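Coordinate analysis (summary)
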Amino acid sequence: MKTKMFLEMSDVKQIAAAAEAEALRNQWAVTIAIVDDGGHLLWLQRLDGAPALTAHIAPAKAHTAALGRRESKAYEDIVNGGRTAFLSVPAVDGLLEGAVPILKDGLCLGAVGVSGVKSSEDAQIARAGIAALAL
């Protein structure tokens, strides 16, 4: 039997703090969502001024990145590339750039999804959060 790594709450708080710091440094009002490897929500933080809709989008993006074990941008690119049938994939709603999986030793521990600014900026915030773990 193998041992499975997982995110502890201290990891989640560290990711969230670093992501929040990146957002605040740039004066971006966003929602930050952190999920486990199964896409289950561990953290949701809506910064002051972030639109209410972002609280739905960020977790959906994170869910998609965790289940797919790749950045959510990959799925946006698939759809934008003309494969619109991909929109029918079950249980996948966050097909927009802005979520990054948390990978360690080739395994996915979860993902960070962000919504509220340009998609590339959302991804920047997610990466900053993950970088705090120094994996």
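Predicted, not measured: the structure shown is a model, and the values here were computed from it.

What follows covers the overall build of the protein chain. Helices and strands together make up the secondary structure of the protein chain, namely four helices and four strands. For the protein chain, the spread of C-alpha atoms along the principal axes amounts to about 45 × 40 × 20 Å. For the protein chain, buried positions account for 44% of its 135 residues. A total of about 7,100 Å² of accessible surface is found on the protein chain, and carbon and sulfur atoms cover 54% of it. Here the protein chain carries 13 positive and 15 negative side-chain charges, and the mean point of each set is 4 Å from the other.

With that out of the way, let us pick up unusual backbone geometry. Of note, the phi angle at Arg69 is positive, near 55°, even though the residue is not glycine. You can see Arg69 is positioned in the loop between helix H2 (54–68) and helix H3 (73–80). The exposure class assigned to Arg69 is partly exposed, which follows from its relative accessible area of 41%. In this structure, Ala91 is a non-glycine residue whose phi angle is positive, near 65°. By the secondary structure assignment, Ala91 is in the loop between H3 and strand S3 (99–104).

Core analysis: the biggest nonpolar cluster contains 20 residues, and Leu7, Val30, Ile34, Ile102 and Val112 have the highest contact counts within it. At the level of elements, helix H1 (9–25), strand S1 (31–36), S3, strand S4 (107–115) and helix H4 (119–131) are the ones that each hand at least two residues to this core. Broken down by element, this core gets its largest block of residues, five residues, from H1. Contact partners of Ile102, with chain neighbours within four places excluded, come to Leu7, Ile15, Leu107, Cys108, Leu109, Gly110, Ala111, Val112, Ile130, Leu133 and Leu135. Residues Ala58, Ala62, Ala99 and Ala111 belong to the second largest nonpolar core, which totals eight residues.

To continue, consider the environment of Val89. Inspection of the secondary structure assignment puts Val89 in the loop between H3 and S3. With 28 residues separating them in the primary sequence, Val89 and Lys61 have C-alpha atoms 14 Å apart.

Before going further, it helps to examine the sheet that holds S4. The antiparallel open sheet is built from four strands, whose spatial order is S2-S1-S4-S3. The sheet is open, and its two edges are formed by strand S2 (41–46) and S3, each paired on a single side. Put simply, the sheet's adjacent strands are angled 15° from each other on average, direction ignored. Across five bridges, S1 lies against S2 in antiparallel orientation. Along S2, the bridge assignment pairs Thr31 with Arg46. Lying on the sheet, H2 is in contact with S1, S2, S3 and S4; it crosses S4 at an angle near 155°.

Another point: the packing of aromatic side chains. On inspection of all chains with the given rule, the structure shows one aromatic pair. Ring plane angle 15° and centroid distance 5.4 Å describe the contact between Tyr75 and Phe86, whose orientation is recorded as stacked. On the criterion of sequence distance, the pair formed by Tyr75 in helix H3 and Phe86 in the loop between H3 and S3 is long-range, its members being 11 residues apart.

Criteria and thresholds
- Residues numbered from 1 in each chain as written.
- Predicted model: local features only at pLDDT ≥ 70, side-chain atom pairs only at ≥ 80, totals over all residues.
- Heavy atoms only, no water.
- Helix = DSSP H or I, 4+ residues; strand = E, 2+ residues; numbered from the N terminus.
- Buried < 20%, exposed > 50% of the residue type's maximum accessible area, 1.4 Å probe, protein only.
- Areas by Shrake-Rupley, 256 points an atom, 1.4 Å probe, with all protein chains shown as cover.
- Lys, Arg positive; Asp, Glu negative; His and termini not counted.
- Charge placed at Lys NZ, Arg CZ, Asp CG, Glu CD.
- Core = buried A, V, L, I, M, F, W, Y, C linked by side-chain atoms within 4.5 Å.
- Contact = heavy atoms within 4.5 Å.
- Pairing = 2+ DSSP bridges.
- Axes fitted to C-alpha atoms, helices over the stretch in contact; angles between N-to-C directions.
- Phe/Tyr/Trp six-rings, centres within 6.5 Å; stacked < 30°, edge-to-face > 60°.

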